Amino acid sequence: MKKGPKSGACSLTTPGNLVESNPNSNSSNGASAKEKDVLSSSGELENVQLKPSRDASRKKLCGYLNKLGIKGPIKTWKSRWFFYDENKCNLLYYRTAQDINPLGSIDLSSASFDYKVENGEGVFEIRTPSRVFTLKAISNQAMMYWLQQLQMRRWEFCNAQSRFPVGSSQLVNEPLAGRAIGVDNEDFLPLVKTPTEAVGLKAASLPAPQISTALQNISLKHPWTEIQNTVYNICGSKQLWGSNENVFTFSEFQEHHENPDEEQEAEVEAGRAVKEETLEDGRMDSRLNWVRKARWMNSGFPGLPEELSRERNPMDKVSVLQQQILTLTEEVKSQKELVKLLHKALEAAQQEKRVSSMYLTAAEDKDRLELVRHKVRQIADLSCRLEALEQEKKELEQILTLRDRHIQELKEHVQLLMEKNHAKQGVIMALTEQMAREQSDPLQEANTITVETLYKQQEEIEHLKDDIEAYKTQNQFLNSEIHQVTRLWTNVAENEKALLMKCACLQAQNCQMESKYLTVLRKLQEAVPGLPSSHAELVRNLIQEALQWDVKEKAEEGFNLNPVSEYDEYGFMTVPEYEVEDWKLLAKIQALEIKSNNLRSQEVVEKPLRDRWNSIGELSPSAELKSLIRSGIPVEHRQRVWGWIVSRHCGHQSDHYQRLLQQSKSTEHPACRQIELDLPRTLTNNKHFSSPTSQLIPKLRRVLLAFSWHNPAIGYCQGLNRLAAVALLVLEDEENAFWCLVHIVENLMPADYYSDTLITSQVDQRVFRDFLSEKLPRLMAHFEHYRIDVSLITFNWFLVVFVDSLVSDILLRVWDAFLYEGTKVIFRYALAIFKYNEEEILRIHDSVEIYQYLRFFTRMITDGRKLMNIAFNDLNPFPMKLLKNRRSMHREELEAELCELEQIKAAYVKERAEQGPQNLKEVVSEEEEEI
């Protein structure tokens, strides 16, 4: 392995150079068309106006590098002329500096740079998302110069692209304020000086690096580009050699320019204009001969008069001329090869033309038919020959494979013999040294060994020092590359974050505007009876169109600023399909308001909360965990937290759930029929339960049957299906959902909550009325004044923990705290719901309207954070001891009332029994009495 920058000598003797030339002296004809301003309309030299570069003080980056080409198992180095395009941040590469069309390009905007000491001297890599380019400079100094220049240009281009226009939103520009746009000031590696042998026009003026064969350096992947470049160069060569003037005489051309930079720019611009006229008109004006001479001087013999004038020794002049002759000879060889290929193609085209002419000039159809038949016979003959050649090719490939195997075996055998020979030589050398030691003086032997050892150690030390310096340089460059790429990634991340914030704000504004529009439509809907028929029909059409917005936007498949999707993460419909249009509008308004609030609180509230959840490892009861659960568990953590809560209170018994399933299969439970009736009515607004063929329906059936056998005292009660369905949606596993249902019924809820009498549920309604009188006395007085029985609305809340009453986003936050803290969370949120809508209820002064409002007023809740703050902050204190005392008191009162009712019932039954059976004829129905 070659080590260090000194030991990694390049095996190619190519004058691969690195050049930084002035933009006005564009020595490479490979620059893109955007680099030059060309007038292609008149063709007159007087109309060609030379324009300065975009940045006159900026030097171009160009030069010869060796590029590693891989074609199957073959890897070859090919010399290429590289030119950096500042407009696109692309590194273009050509075969020579005189070509006009590039062979390809490397996108540096998303590329990274790397080099390894083990690869050899001057070898580095450019890694793009799609490909890795391996390049080789003439030396390590040139390689480091290339890498640093490419790093600097990538940095400038990416920072220029990341800046927003002046008219951008302030929200987007604030995170970018104060950001450094220039190159990073931290110097990991000192800047490498420009290689003196590759400065200015020298790289373009030198001939292309030597190649071993004429066609080795030709790109087989881009034949059309090669032909274009070759034809262009041939045309220029013929025009110059056809002139009577000497191509080395530059006196008349140099009289027009005093500045060498302006001279070179004029050459390139005029040459480009001449090329355009040649391609369009197919002729060459004699007045442009001096331009062709100048361009030929720049492309074929650049810098030759200067070199000849500088060289004082005639032998040096001769060597330079010989080098030019060799270069031209190699170029002629390659051109001859291409001409042969073109001749073959031309002969084939002429043969085809002759056949077509014979076909067209045939006098009769028979002759034409005979020509066609002859052509068909030729095609059949060629097909047979092709098949024979393919068969021969396959046989030759098999023979070649067999020979390769034989050669490999012979190589292995030779390697084995060489190892044996080497081992024998080692034994002979060891025996010879042993004999020499025995025959020589012991002291002299020791001195000789010491000197040899010291020499070897010094040599190893020098190599190690060389390696250390090389690895230090590599480490410094990689540190600079990592630092710059990190800075670029940070800038991109900040820009993306700013754009996302702007998009979220626009989405929130769009949701609010749409919500206000729907609210206005709802107000108009209420006033429809008083409107003319035409206006009423218009309002109905607007409402129908508003309700169908999401469907139309999905069908168009365009950019949709409305972020409300049809279903949420758990399959709940964001806008349920109610039969009443008023309820549909309310649901749509609620969904838009909720999404708007979520978008606005995403960066301020949701992201810090999500970060806190991500930082939590193993779960354990604590005040911090309680606070986090009250704030809401993120979707990605909810399943894990719920499973942990259930497992803390319900130790899973091994195979208990499976035994219950086996029992339900062998014996039919009395509640089986009622379960089957309730399954289609479970969470009808959720896509996982809306159809009888949904995947979760069988799981829900098994969970409810297993629970009915697990708890025979309760068996099954209407409402348990909804509790189990929510547990299935979050926990997904049906056994975990079963234990979650057990935890709710047997641990969280009081005893007899789901019994036949529902006595504890009735007790909680009386307790809730007490709390409502204490926490919201104005609202309770309003209900009493209009004789409103709140339990008609709240009874179902407590029985199924707000399922089908609250929107899914708020419902699951309630369940998060309920599973962790218990039933007092239900009281807190029930009071918070009334507090949230208190002012709206107080403005209604009719009992019927109050009942109608209470039926859907939970759909008016749009801010889950506000509801949570009311429940856990505004309603404090809320001690559990007070709740237990109130339950005990009201349970005694309710049991006494029930006992009294039982006594009255027993007395009535006894009285009827004493009276005896009455004559059926004397019994008269109420309808007969009215008649």
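Residues numbered from 1 in each chain as written. Predicted model: local features only at pLDDT ≥ 70, side-chain atom pairs only at ≥ 80, totals over all residues. Heavy atoms only, no water.

Novice: Got a minute to help me understand the packing of helix α27 (residues 808-821) against helix α31 (residues 864-874) in this structure?
Specialist: The description of two helices packed together rests on the angle between their axes and the distance between the axes. Running from amino to carboxyl end, α27 crosses α31 at an angle of 30 degrees, the nearest separation of the two axes being 10 Å. Classified by the angle their axes make, α27 and α31 are roughly parallel. Judged by the sense of rotation from one axis to the other, the crossing of α27 with α31 is right-handed. Contacts between α27 and α31 pair I810, R813, A817 and E821 from the former with G864, R865, L867 and F872 from the latter. Looking at the contact of α27 with α31, its residues break down into 4 nonpolar, 1 polar and 3 charged. (Axes fitted to C-alpha atoms, helices over the stretch in contact; angles between N-to-C directions. Helix = DSSP H or I, 4+ residues; strand = E, 2+ residues; numbered from the N terminus. Parallel < 35°, antiparallel > 145°, perpendicular 65-115°, else oblique. Left-handed = near helix turned anticlockwise from the far one by under 90°. Contact = heavy atoms within 4.5 Å. Nonpolar A, V, L, I, M, F, W, Y, C, P; charged D, E, K, R; others polar.)

Novice: Please clarify how a positive patch on the surface should be interpreted in this entry.
Specialist: The grouping of K333, K336, K340 and K344 at the surface amounts to a positive patch. With respect to the helices, strands and loops of the structure, K333 is situated in helix α10 (residues 314-361). (Patch = residues over 30% accessible without salt bridge, like charges linked within 9 Å, V, L, I, M, F, W, Y side chains within 5 Å. Areas by Shrake-Rupley, 256 points an atom, 1.4 Å probe, with all protein chains shown as cover. Salt bridge = Lys/Arg side-chain N within 4 Å of Asp/Glu carboxyl O. Lys, Arg positive; Asp, Glu negative; His and termini not counted. Charge placed at Lys NZ, Arg CZ, Asp CG, Glu CD.)

Novice: Looking at this model, I keep getting lost on the pairing of strand β7 (residues 123-127). Mind explaining?
Specialist: Regular strands have side chains that alternate between both faces of the sheet. Among the 5 residues that make up β7, 4 are buried, leaving the element largely enclosed by the rest of the structure. Pairing between β7 and strand β8 (residues 132-136): 5 bridges, direction antiparallel. Within β8, the residue paired with I126 across the bridge is F133. Where β7 folds back onto β8 in an antiparallel hairpin, the turn is made up of 4 residues. (Buried < 20%, exposed > 50% of the residue type's maximum accessible area, 1.4 Å probe, protein only. Pairing = 2+ DSSP bridges.)

Novice: Would you mind showing me how to read the confidence of the model for the chain here?
Specialist: Interpretation of this model should avoid reading the predicted coordinates in detail wherever pLDDT is low. For the chain, the mean per-residue pLDDT works out to 75, and 68% of the residues sit at or above 70. Low confidence marks residues 238-311, where pLDDT is under 50. Its contacts with residues over four positions away, or in another chain, come to 125 contacts. (pLDDT = per-residue confidence, 0-100.)

Novice: Looking at this structure, how should I read the packing of aromatic side chains?
Specialist: Ring pairs (aromatic) are described by centroid distance and by the angle formed between their planes. Counted by the stated rule, this structure contains 21 aromatic pairs. Residues F783 and F834 carry aromatic rings whose centres are separated by 6.0 Å and whose planes lie at 75 degrees to one another, so their mutual orientation is edge-to-face. Of the two residues, F783 sits in helix α25 (residues 777-785) while F834 sits in helix α28 (residues 824-836), which places them 51 residues apart along the sequence. Between W797 and F802, the aromatic rings sit 5.6 Å apart at their centres with planes inclined by 40 degrees, giving tilted as the arrangement. As far as burial versus exposure is concerned, W797 and F802 are alike and both buried. An aromatic cluster is defined as three or more aromatic residues linked by ring pairs; in this entry it consists of F768, F771, F783, W797, F798, F802, F827, F834, Y853, F856 and F857. Just above the ring of W77 sits the side chain of K136; from NZ or CZ to the centre is 5.4 Å. Above the plane of the ring of Y836 lies K866, whose end atom (NZ or CZ) is 4.7 Å from the centre. (Phe/Tyr/Trp six-rings, centres within 6.5 Å; stacked < 30°, edge-to-face > 60°. Lys NZ or Arg CZ within 6 Å of the ring centre and 35° of its normal.)

Novice: Whenever I open this one, helix α30 (residues 847-856) confuses me. Can you help?
Specialist: The α-helix advances 3.6 residues per turn, and as a result positions three or four apart in sequence lie on the same side. For α30, the complete set of buried residues consists of I850, Y853, L854 and F856. Capping the start of α30 is the job of one residue whose side-chain oxygen sits 3.1 Å from the backbone nitrogen of V848: D846. (Polar contact = N/O pair within 3.5 Å; in protein donor to acceptor, adjacent residues only side chain to side chain.)

Novice: I keep staring at the environment of W815 and nothing clicks. Help me out?
Specialist: Position of W815 relative to the elements: it lies in helix α27. Accessibility expressed as a relative area gives 0% for W815, which makes it buried. Sequence separation between W815 and I826 is 11 residues, and the spatial gap between their C-alpha atoms is 9.1 Å. Excluding residues that lie within four positions of it along the chain, W815 makes contacts with W642, L723, V726, I744, V800, V801 and V803.

Novice: Is there a simple way to think about the pairing of strand β3 (residues 74-85) in this case?
Specialist: Bridge count between β3 and strand β4 (residues 90-94): 5 bridges; the pairing is antiparallel. Looking at β4, one finds that F82 is bridged to Y93. Count of turn residues in the β3/β4 antiparallel hairpin: 4 residues, of which C89 carries a positive phi of about 55 degrees.

Novice: Explain the nonpolar core to me, please; I cannot follow it from the model alone.
Specialist: A general feature of soluble globular proteins is that nonpolar side chains tend to end up buried together. Formed by 119 residues in total, the largest nonpolar core has its most connected members in L720, Y754, F783, F802 and F834. Residue contacts for F834: discarding those within four places in its chain leaves F768, L772, L776, L779, F783, V790, T794, W797, I841, L854 and F857. Of all hydrophobic cores here, the second largest spans 28 residues; its members include L103, L135, M144 and L189. (Core = buried A, V, L, I, M, F, W, Y, C linked by side-chain atoms within 4.5 Å.)

Novice: I'm lost on the pattern of salt bridges in this one. Help?
Specialist: Opposite charge on two side chains permits pairing when their charged atoms draw close. Going through the model one piece at a time under the given rule, you end up with 21 salt bridges. Notably, a salt bridge pairs R766 with E897, separated by 2.7 Å at the nearest N-O pair. Here R766, found in helix α24 (residues 759-775), pairs with E897, found in helix α32 (residues 880-915); they are 131 residues apart in sequence, far enough to count as distant. Accessibility expressed as a relative area gives 36% for E897, which makes it partly exposed.

Novice: Please explain the packing of α28 against α31 as it appears in this structure.
Specialist: Across the interface, α28 lies against α31 with an axial gap of 8 Å and an inter-helix angle of 120 degrees. Taken together, α28 and α31 sit at an angle that is classed as oblique. The handedness of the crossing between α28 and α31 is right-handed. Side by side, α28 and α31 meet where V825, R828, Y829, A832, I833, K835 and Y836 of the first sit next to K866, L867, M868, I870, A871 and F872 of the second.

Novice: Looking at this model, I keep getting lost on unusual backbone geometry. Mind explaining?
Specialist: Backbone geometry follows two general trends: most residues other than glycine have a negative phi, and most peptide bonds adopt the trans configuration. Non-glycine residue L758 carries a positive phi angle of around 50 degrees. Tracing the sequence through the fold places L758 in the loop between α23 (734-748) and α24. Positive phi, normally seen in glycine, also occurs at D804, with a value near 70 degrees. Within the secondary structure, D804 sits in the loop between α26 (791-800) and α27.

Novice: Help me out: how do you make sense of α31 in this one?
Specialist: Those residues of α31 not exposed but buried are G864, R865, L867, M868, I870, A871 and F872. Measuring from the backbone nitrogen of R865 back to the side-chain oxygen at the start of α31 gives 3.2 Å, which picks out D863 as the cap.

Novice: Mind showing me how you'd approach the side chain of R828 here?
Specialist: Tracing the backbone shows R828 in helix α28. Buried charge R828 goes without a salt bridge, the closest partner of opposite sign being E821 at 5.3 Å. Side-chain polar atoms of R828 contact the backbone oxygen of A871, separated by 2.8 Å. Setting aside chain neighbours within four positions, we find R828 in contact with R630, A871, F872, L875, N876 and F878.

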